Amino acid sequence: LVIAVLLLLLGDLRAGLIVAAVIPLAMLFALTVMEVMGLSGNLMSLGALDFGIIVDGSVIVVENAARRLGSSARDGVKPSAEERAAIVRASTMEVRRATVFGEAIIAVVYVPILTLTGVEGKLFTPMATTVLLALAGAFLLSITLIPVLSAMFLPTAAEHRPTLLMRAAAALYRPVLAWALRRRLLTLAGGVGVLATAILLTTRVGAEFVPQLDEGDILVEARRLPGVALSESVRQDLRMQRALMPIPEITSVVCKTGAPELAVDPMGVEQTDVYIKLADPEDWRPGLTKAALAEEIRDAVEVAVPEVVASLSQPIEMRTNELVAGVRSDVGVMIYGPDLDRLVALGDDVARVVRRVPGVADARVEQIAGLRYLRVVPDRDKLARYGLTVADVNLATETMAVGHDAGAVLEGDRRFTIRVLVSHDPHGDLEALASSPLRTMQGHVVPLGDVAELRFVDGPASINREAMSRRIVVEFNVEGRDMGSVIAEAKAAVDGLDVDAGYRVEWGGTFRHYEEAKARLLWVVPVAVAFIVLLLWSAFHAARPVALILSTVPMALVGGVLALWLRGIPFSISAGVGFIALLGVAVLNGLVLVTVARKRQAKGAGAHEAIAAAARLRLRPVLMTALTDILGFVPMALSTAPGAEVQRPLATVVIGGVMSATVLTLFVLPAVYSLFGGRGEPPPEGS
């Protein structure tokens, strides 16, 4: 694609091959350093590389060298090898300073990604590191190998004519540019109007932590009441398997019940993970989507085992949610408080209101009740009457529950403890337990039932604590909508509930990590923008050109937001990384254009004439860098391969942003420069 763009716009296959040579060499440089650093090549570290951004600097160098070499041969005399080298050196130095700052700015905008921590840091830090390494390799090649190859192989035609596509683009661009410069205020108002529209669209774009990966298979998490027998769990698992296997898209069903011996994944026999292996989507029934198949699986499980609470997810997604957020679903509502009964009531209320929110699926309350307990309540008055204490009652109950050490037996050097344990049926008659003897200080024997009340009660199977407080969790998944909108509506519904004093509700799950990452980026990105301003200031030593170049950034963000809205993709950390990359790409073309215009102003031209000439002169490199950036991300934006879900928002943002930034650079920026460019200070020597 890069070669095709350069061939169509430059009209020279050799120029395209010279630029394309940067791609494998820059990747080789990055992979070599990754090997030294111990970084692996995976979906995240290699998936976000855009070859168009990597070759931007080389594109500008080759384009300028081709233009200068073509102009040098117009008198019919081809330059010698030494003259070619001098021409290429001069042409490289002419644009190298501006592109160095542009590439430095692109590198700077990736620095905020390196500051991410937690899960988002694990996901996106390798990506930023790889991009920075590839940019470093491409920069070294653009000042060493590319000028040498350009001097050796670029042609010096007797008459340098633009390609047909470039002539058509120039013929279309010049009258529109003239119109925009004649109606500068109207052009500026149009740009502001588009920006306002994009700001309004941000309210229509949802939010999520990271896009959901399609793993190809489905996992059903089945939960029963605590205390269920293993044999009953196995029978229910068999019923689920028999109900699911007739679905033609399912090739196999495997149930895993309980894993109490694994400290990293404790599961009782009341919990079952049902792994459903699906056939290739090409073999599915015509028109069947995965969402419809999941609904069919959910209905089949509900009919086969109505006593089981089922939740649909994916194997890796479920495990990731549990490791990241402590819950096995997309969202967890944590309710904290002192009383278990009140916690259960609040959990039921929360589950009731969130089930009404569109997009909420598999909402369920954590099961904490379900075990049968023997409760012994001592009567202190009767104990005192018989000369007994609560400790005497505790000794009897300890003997019933776990046994009491009564002595030891010695056999040679070996010592054996004697433990007395009362055998009883937890569901049987209480009369035998009530007749358990207690011996008073006077030697009398008193039945336990005479000094205490014994009864069987239902109680909690587990009590979870967090942050010094008891906790219950309401979990649910999000289907058919973005997570941000669903949680916003669910929060509004839960806030309407009457929560007692001493109880609090907190929102967990992966969305919490999205909020943490967004909060970090909200202060890190402005710091990166400050670095960009510092770099631009060091290039121009004036505030006006810096402000003019930074005016390209809002229009780039406009295209990114519009692209997300048109494709129905919610904002995520992956899309946020795309917006960060846009900061550098948007500044690069504006930097090149403003640099050329200021040079013409330094020679005596006015702002209007200088920017008009610069826009016409730099039309080809602006289009070339824009097209290479866009086409570099097109495969990522259109891919349906496994893992493409994470890369698609990033690619969509960059493609839309580069398109809008190019329009701004070619039309709105000249109008703004003509209005506010002024004479300005001459650029520093050698810039």
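Residues numbered from 1 in each chain as written. Predicted model: local features only at pLDDT ≥ 70, side-chain atom pairs only at ≥ 80, totals over all residues. Heavy atoms only, no water.

Caption draft 1: A look at the overall build of the protein chain. In terms of regular secondary structure, the protein chain is built from 28 helices and 15 strands. Computed over C-alpha atoms, the radius of gyration of the protein chain comes to 35 Å, more than 25% over the 26 Å expected from 2.2 N^0.38 for 687 residues, which places it beyond the range of a compact globule. By its C-alpha atoms, the protein chain is 125 × 60 × 50 Å across when sized along the principal axes. When the 687 residues of the protein chain are sorted by exposure, 48% land in the buried category. In the protein chain, 78% of the contacts between residues at least 6 apart in sequence involve partners at least 24 apart. Counting every atom, the protein chain has about 32,100 Å² of accessible surface; 62% of that belongs to carbon and sulfur. Within the protein chain, one finds 64 positive and 70 negative side-chain charges whose respective centroids are separated by 12 Å. (Helix = DSSP H or I, 4+ residues; strand = E, 2+ residues; numbered from the N terminus. Rg over C-alpha atoms; globule rule 2.2 N^0.38 Å. Buried < 20%, exposed > 50% of the residue type's maximum accessible area, 1.4 Å probe, protein only. Contact = heavy atoms within 4.5 Å. Areas by Shrake-Rupley, 256 points an atom, 1.4 Å probe, with all protein chains shown as cover. Lys, Arg positive; Asp, Glu negative; His and termini not counted. Charge placed at Lys NZ, Arg CZ, Asp CG, Glu CD.)

Caption draft 2: Broad picture of the side chain of S233. Within the element layout of this structure, S233 appears in helix 13 (residues 230–244). Residue class for S233 comes out buried when judged on its relative accessible area of 0%. Not counting the four nearest positions on each side in its chain, S233 is found in contact with R224, V228, T257, V269 and E270.

Caption draft 3: Local environment of the confidence of the model for the protein chain. Scored by pLDDT, the protein chain has a mean of 80; 92% of the residues are at 70 or more. Summarising per-element confidence for the protein chain, the mean pLDDT is lowest in helix 15 (residues 315–325) (71) and highest in strand 9 (residues 414–420) (90). Contacts from residues 679–687, a stretch scored under 50 in pLDDT, to residues over four places away or in other chains number 20 contacts. (pLDDT = per-residue confidence, 0-100.)

Caption draft 4: Examining the side chain of R364 more closely. With respect to the element layout, R364 can be found in strand 6 (residues 360–365). Of the polar contacts made by the side chain of R364, one reaches the side chain of E221; its length is 2.9 Å. Apart from residues no more than four positions distant in its own chain, R364 is found in contact with E221, R223, V309, S311, S329, R355, V473, V474 and E475. (Polar contact = N/O pair within 3.5 Å; in protein donor to acceptor, adjacent residues only side chain to side chain.)

Caption draft 5: Local environment of the packing of helix 11 (residues 164–182) against helix 26 (residues 607–617). Between helix 11 and helix 26, the shortest axis-to-axis distance is 11 Å and the interhelical angle comes to 155°. What the angle tells us is that helix 11 and helix 26 run roughly antiparallel. In this structure, the crossing between helix 11 and helix 26 has a hand that is right-handed. In this structure, helix 11 uses Y173, R174, L177 and L181 to contact helix 26, whose residues at the interface are H608, I611, A612, A615 and R616. (Axes fitted to C-alpha atoms, helices over the stretch in contact; angles between N-to-C directions. Parallel < 35°, antiparallel > 145°, perpendicular 65-115°, else oblique. Left-handed = near helix turned anticlockwise from the far one by under 90°.)

Caption draft 6: Geometry of the pattern of salt bridges. For the structure on display, the rule yields 17 salt bridges. Among the salt bridges present, the one from R285 reaches E296, with a minimum N-O distance of 3.0 Å. Taken together, the residues R285 in the loop between strand 3 (271–278) and helix 14 (290–304) and E296 in helix 14 connect sequence positions 11 residues apart. Taken together, the shared-partner salt bridges connect E221, R223, R364 and E475 into one network. (Salt bridge = Lys/Arg side-chain N within 4 Å of Asp/Glu carboxyl O.)

Caption draft 7: Structural view of the sheet that holds strand 3. Taken together, the 4 strands give an open sheet; going across it, the order is 2-3-1-4, and neighbouring strands pair in antiparallel fashion. Two strands close off the open sheet at either side, each with one partner strand: strand 2 (250–257) and strand 4 (309–313). Averaged over all pairs of adjacent strands, the angle between strand axes in this sheet comes to 20°, irrespective of strand direction. Against the sheet, helix 13 makes contact with strand 1 (218–223), strand 2 and strand 3, and its axis sits at roughly 170° relative to strand 2, the strand it touches most. (Pairing = 2+ DSSP bridges.)

Caption draft 8: A nonpolar patch on the surface, seen in detail. Nonpolar side chains collect at one region of the surface, where I3, L7, L13 and L17 lie side by side and expose about 320 Å² of accessible area between them. In this structure, I3 sits in helix 1 (residues 2–10). (Patch = residues over 30% accessible without salt bridge, like charges linked within 9 Å, V, L, I, M, F, W, Y side chains within 5 Å.)

Caption draft 9: The arrangement of the environment of T117 in detail. Relative to the helices and strands, T117 resides in the loop between helix 8 (111–114) and helix 9 (118–143). Given a relative accessible area of 40%, T117 falls into the partly exposed group. Along the chain, T117 and H608 lie 491 residues apart, while their C-alpha atoms are 48 Å from each other.

Caption draft 10: Seen up close, helix 11. Taking 1.5 Å as the rise per residue, helix 11 with 19 residues should run 27 Å; its terminal C-alpha atoms sit 28 Å apart, in good agreement. Of all the positions in helix 11, only M166, A170, Y173, L177, A180 and L181 are classed as buried. Close packing links the buried residues of helix 11 with helix 1, helix 12 (184–201), helix 26, helix 27 (619–638) and helix 28 (644–676). (Expected span 1.5 Å × (residues − 1).)

Caption draft 11: Summary view of helix 16 (residues 340–354). Compared with an ideal rise of 1.5 Å per residue, which puts 15 residues at 21 Å, helix 16 spans 21 Å between its outermost C-alpha atoms and is within 8% of the ideal. Where the residues of helix 16 are buried, they touch strand 5 (331–337), strand 6, strand 12 (452–460), strand 14 (469–478) and helix 21 (483–495). Between a side-chain oxygen at the N-terminus of helix 16 and the backbone nitrogen of D341 the separation is 3.3 Å; the capping residue is D339.

Caption draft 12: Just the nonpolar core, in detail. Within the largest apolar cluster, 148 residues are counted, with the highest numbers of intra-cluster contacts made by Y110, I113 and F476. Setting aside residues no more than four positions away along its own chain, I113 makes contact with F124, T125, M127, A128, V577 and I580. Counting 22 residues, the second-largest nonpolar core is a separate cluster that includes A222, I250, V253 and W284. (Core = buried A, V, L, I, M, F, W, Y, C linked by side-chain atoms within 4.5 Å.)

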